[in-house]
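Given next are the chains, with one letter for each unit.
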Amino acid sequence: MSDMLQRLWIQFQRKRNTAGCLGILVGVIFAYALLMHSIPDKMYVEQGKEPDCSFGVPVTGTVVKSTQVFANGQVTGGSAIHITPARQADPGRKGTYQVLCKLFGTIPLKRIDVQEVSKKELVAAGTNIGIYVKNEQIMIIGTGEVTDESGVRSEPAKNVVRSGDYILAVNGEEITSKEQLVEKISFCEGKKIRLRLLRGKEEIEVSIQPVRSQEGVYQIGVWVRDDIAGVGTLTYITDDQKYGALGHGVTDADVGSLIDLGKGAIYETTILEIRKGQRGQPGEMSGMINYQEEYKLGTVEENTNVGIYGSMITMPEELKEVDAVPVMYKEGIKKGKAQIISSVEGKRRAYEIRIEHTDFHSEGNNKGIQFQVTDKRLLNDTGGIVQGMSGSPIVQDGHMIGAVTHVFISDSKMGYGIFIENMLEH
């Protein structure tokens with residue numbers, strides 16, 4: 001009996017030791033992943049300044065170019081780099097170089113691509129804008145039923161077209177507006193309609209048999225859109241009168257894809273109502289857009305995942321006396337106090353927030369900055385972040401660091417922002 005107990009004890013010890021080793025291994029892997037995630041893949045550094053490797057982890061960095069070390073000394077949380085003549089004469093200046101990060105100065109971890117940039121200052125806008133954009137082509141947002149002259153219902157376009165398809169041509173003739181589409185279908189004389197569609201990146205051709213409706217007109221049962229309008233926030237204006245806004249793209253609410261722009265403009269707008277955010281339901285700003293030519297502020301020339309871009313025609317009145325502020329890139333952002341600038345009350349002002357977290361690896365999702373609204377006035381007026389505040393600039397220590405992009409559905413006091421360099425690099 002004692003031998004059996006001894007064997008069981010030995011087996012238990014082995015299993016415990018194995019479990020302990022596995023636990024240690026999992027812990028090491030987790031710590032390594034966390035360490036790697038704390039170090040960015042890319043940094044922006046102003047010309048003449050050293051890269052700052054104080055990421056809150058025990059790493060040092062050596063400036064290298066490919067495999068050739070061309071700067072003497074180590075970079076440890078901002079210690080000096082001695083610029084050599086070889087680097088000063090580098091034809092790739094204002095290009096890129098690399099910093100090799102080592103754990104405790106000995107174990108290589110990763111290389112950071114460093115982009116040298118000129119010193120940049122921006123007007124942190126924060127003003128409400130009305131946005132109107134015209135689709136370059138007609139977008140299909142859905143299909144529907146048509147009731148014919150005898151009262152029979154059918155859905156002629158079902159399983160033929162898809163939401164998000166763009167209509168390029170009807171019966172071989174290019175069209176660019178809803179009116180042209182309706183006209184082509186109205187005069188089809190009951191014959192099949194050939195549509196050339198852009199589906200993703202592929203052009204295809206489909207045929208649909210129109211139905212003569214009870215009103216006596218031919219229809220094919222598709223819902224389409226060729227323009228879109230909404231309210232947002234102007235983020236910044238450059239010294240050459242270019243602007244960026246929103247921090248995310250203009251998308252079709254029904255389809256969820258980026259609008260393929262033809263032309264557009266931003267206008268002065270008046271906020272009429274603010275619906276406060278509640279748990280599970282984000283709030284919203286409703287405004288009146290002044291579409292008259294004299295209220296046009298600028299053009300919309302580009303619609304991207306990180307914002308809309310264009311040129312200013314006239315400076316909003318409340319920004320004419322506002323001084324530009326320097327840009328601070330993500331490595332310089334600290335947890336703690338910051339401000340968002342917005343015009344939710346009809347007047348531009350700064351509201352207090354607290355930076356909770358920064359994600360250096362968020363280039364693709366507009367959520368690099370996580371923050372909490374702490375300003376009592378804003379919380380009382382809006383409950384936190386509401387739809388329409390997207391693009392509100394985020395400022396810390398007198399530097400522009402990003403823009404508001406999202407609100408937490410579960411808690412409107414919490415929001416996300418995009419790093420300013422993600423908007424500027426586009």
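Predicted model only: the values in this text are computed from it and were never measured.

Rules of the game
- Residues take numbers from 1 onward in each chain, read along the sequence in its written order.
- Side-chain atom pairs in this predicted model are given and counted only at pLDDT of 80 or more, local residue features only at pLDDT of at least 70, and totals for whole chains, interfaces and linings cover all residues.
- Hydrogens and waters are ignored; side-chain quantities use all the structure's heavy atoms.
- The numbering of helices and of strands both runs from the N terminus, where a helix is a DSSP run of H or I of at least 4 residues and a strand a run of E of at least 2.
- A simple rule labels every residue: compare its accessible area, found with a 1.4 Å probe on the protein chains alone, to the largest value its type can have, and call it buried under 20%, exposed over 50%, or partly exposed in between.
- Here a residue-residue contact requires only that any non-hydrogen atoms of the pair lie within 4.5 Å.
- In these tables, accessible area is a Shrake-Rupley quantity obtained with a 1.4 Å probe, and a residue counts as shielded only by the protein chains included in the view.
- One speaks of a salt bridge when a side-chain nitrogen belonging to Lys or Arg is within 4 Å of a carboxyl oxygen belonging to Asp or Glu.
- Here the rule is simple: two strands pair whenever DSSP picks up at least two bridges between them.
- Every angle, taken between N-to-C directions, lies between 0 and 180 degrees, and every axis is a line fitted to C-alpha atoms, over only the stretch in contact when it is a helix.
- Grouping buried Ala, Val, Leu, Ile, Met, Phe, Trp, Tyr and Cys residues that are joined through side-chain atoms within 4.5 Å yields what is termed a nonpolar core.
- pLDDT: the predictor's confidence for each residue, scored from 0 to 100.
- Within 6.5 Å between ring centres, the rings of Phe, Tyr and Trp (the latter by its six-membered ring) count as paired, and their orientation is classed by plane angle as stacked under 30 degrees, edge-to-face over 60, tilted in between.
- Identification of polar contacts relies on pairs of N or O atoms within 3.5 Å, with a donor-acceptor requirement for protein atoms, meaning one able to donate a hydrogen and the other able to accept it, and with residues adjacent in sequence counted only if both atoms are side-chain atoms.

J.: Even after reading the chapter, I still don't get the overall build of the protein, so can you show me in this structure?
T.: Scanning the protein from terminus to terminus reveals 5 helices and 33 strands. Burial statistics for the protein: of 426 residues in total, 45% are counted as buried. By sequence separation, contacts in the protein at least 24 residues apart represent 65% of the contacts at least 6 residues apart. Carbon and sulfur atoms make up 50% of the accessible area of the protein, which totals about 22,000 Å².

J.: Honestly, the pattern of salt bridges in this entry has me stumped. Any pointers?
T.: In a structure, side chains of opposite charge can pair up when their charged atoms sit close to one another. Evaluation of the coordinates by the stated rule reveals 17 salt bridges. Residue D165 pairs with R199 through a salt bridge whose shortest N-O separation is 2.8 Å. Of this pair, D165 sits in the loop between β11 (153-154) and β12 (166-170) while R199 sits in strand β14 (residues 193-199); the two residues are 34 residues apart in sequence, bridging distant segments of the chain. Counted as one network, the salt bridges with shared partners bring together K134, K178 and D226.

J.: Hey, could you run me through the sheet that holds strand β32 (residues 399-407) in this one?
T.: In sheet architecture, strand pairing relies on hydrogen bonds along the backbone and comes in two forms, parallel and antiparallel. The sheet built from 6 strands closes into a barrel, its strands ordered β27-β28-β29-β33-β32-β31 with antiparallel pairing. Looking at each pair of strands side by side, their axes are set apart by 45° on average, direction ignored. With 5 bridges joining them, strand β28 (residues 349-358) and strand β29 (residues 369-373) adopt antiparallel strand pairing. Looking at the pairing, I355 lines up with F371 of β29.

J.: What is the right way to read the nonpolar core from this model?
T.: Within soluble globular proteins, side chains that are nonpolar generally end up buried alongside one another. In terms of nonpolar packing, the biggest core is built from 25 residues, with V133, L234, Y243, I266 and I308 touching the most fellow members. Among the elements that take part in this core, strand β9 (residues 128-143) stands out by supplying 4 residues, more than any other. Residues within four places of Y243 in sequence aside, it is in contact with L234, Y236, I237, I266, T299, V300, I308, Y309, G310, S311 and M312.

J.: Please explain the confidence of the model for the protein as it appears in this structure.
T.: Should the pLDDT be low somewhere, the predicted coordinates at that spot are not to be read in detail. Summarising the model, the protein shows a mean pLDDT of 82, and 81% of its residues fall at 70 or more. Ranking the elements of the protein by mean pLDDT puts strand β5 (residues 82-83) last with 33 and strand β31 (residues 393-396) first with 98.

J.: Can you help me understand the packing of aromatic side chains in this one?
T.: Two descriptors summarise a pair of aromatic rings, namely the distance from one centre to the other and the angle between the planes of the rings. Applying the stated criterion across every chain, the model contains 4 aromatic pairs. Considering the side-chain rings of Y132 and Y291, the 6.1 Å spacing of their centres and the 85° angle between planes classify their relative orientation as edge-to-face. In this pair, Y132 is assigned in strand β9 and Y291 in the loop between β22 (283-289) and β23 (296-300), connecting sequence segments 159 residues apart. Residue Y132 is classed as partly exposed on the basis of its relative accessible area of 25%. Clustering of aromatic rings is evident, with ring pairs tying together Y132, Y267 and Y291.

J.: What's the story with the pairing of strand β8 (residues 121-124) in this structure? I'm lost.
T.: Sheet faces and side chains relate simply in a regular strand, where the side chains alternate between the two faces. The pairing of β8 with strand β26 (residues 325-326) spans 2 bridges and is antiparallel. Its bridge partner lying in β26, E121 is registered against P326. Bridge count for β8 against strand β18 (residues 222-237) is 2 bridges, and the pairing is antiparallel. Across the sheet, A124 pairs through a bridge with Y236, a residue of β18.

J.: Got a minute to help me understand the sheet that holds strand β21 (residues 269-275) in this structure?
T.: Taken in spatial order, the 3 strands of this open sheet run β21-β22-β30, and their pairing is mixed. Both outer strands of the open sheet, β21 and β30 (386-387), are each paired with one neighbouring strand and no more.

J.: What exactly am I supposed to notice about the side chain of T127 here?
T.: As for its placement among the helices and strands, T127 is situated in the loop between β8 and β9. By relative accessible area, T127 is classed as buried at 2%. Setting aside residues no more than four positions away along its own chain, T127 makes contact with G232, T233, L234, P316, E318, L319 and S343.

J.: Any chance you could explain the side chain of S311 here in plain terms?
T.: Looking at the secondary structure, you find S311 in strand β25 (residues 307-311). By relative accessible area, S311 is classed as buried at 16%. Contact partners of S311, with chain neighbours within four places excluded, come to Q241, K242, Y243, L297, G298, T299 and E301.

J.: Is there a simple way to explain unusual backbone geometry in this structure?
T.: Keep in mind that most residues, glycine aside, have a negative phi and that most peptide bonds are trans. For N159, which is not a glycine, the phi torsion comes out positive at approximately 65°. Inspection of the secondary structure puts N159 in the loop between β11 and β12. In this structure, D397 is a non-glycine residue whose phi angle is positive, near 50°. You can see D397 is positioned in the loop between β31 and β32. For D397, a relative accessible area of 51% gives the class exposed.

J.: Help me understand the pairing of β29, please; the structure alone is not making it clear to me.
T.: By the alternation rule, side chains of β29 split into I369, F371 and V373, which are all buried, and Q370 and Q372, of which none is buried. In this sheet, strand β33 (residues 414-419) lies alongside β29 in antiparallel orientation, the contact comprising 4 bridges. Paired with F371 across the strands is G415, a residue of β33.

J.: Please clarify how the environment of E174 should be interpreted in this entry.
T.: Position of E174 relative to the elements: it lies in strand β13 (residues 173-174). Residue E174 is classed as exposed on the basis of its relative accessible area of 62%. For E174 and R196, which are 22 residues apart along the polypeptide, the C-alpha to C-alpha distance reads 8.7 Å. If sequence neighbours within four positions are ignored, E174 has contacts with L168, A169 and R196.

J.: I'm lost on the environment of R194 in this one. Help?
T.: Within the secondary structure layout, R194 lies in strand β14. Taking relative accessible area as the criterion, R194 reaches 35% and is therefore assigned partly exposed. Considered as a pair, R194 and V206 are 12 residues apart in the sequence and their alpha carbons are 5.7 Å apart. For R194, the contacting residues outside a window of four places in its chain are A169, V170, N171, G172, E205, V206 and S207. A polar contact of 3.4 Å, which involves the side chain of R194, links it to the side chain of E205.

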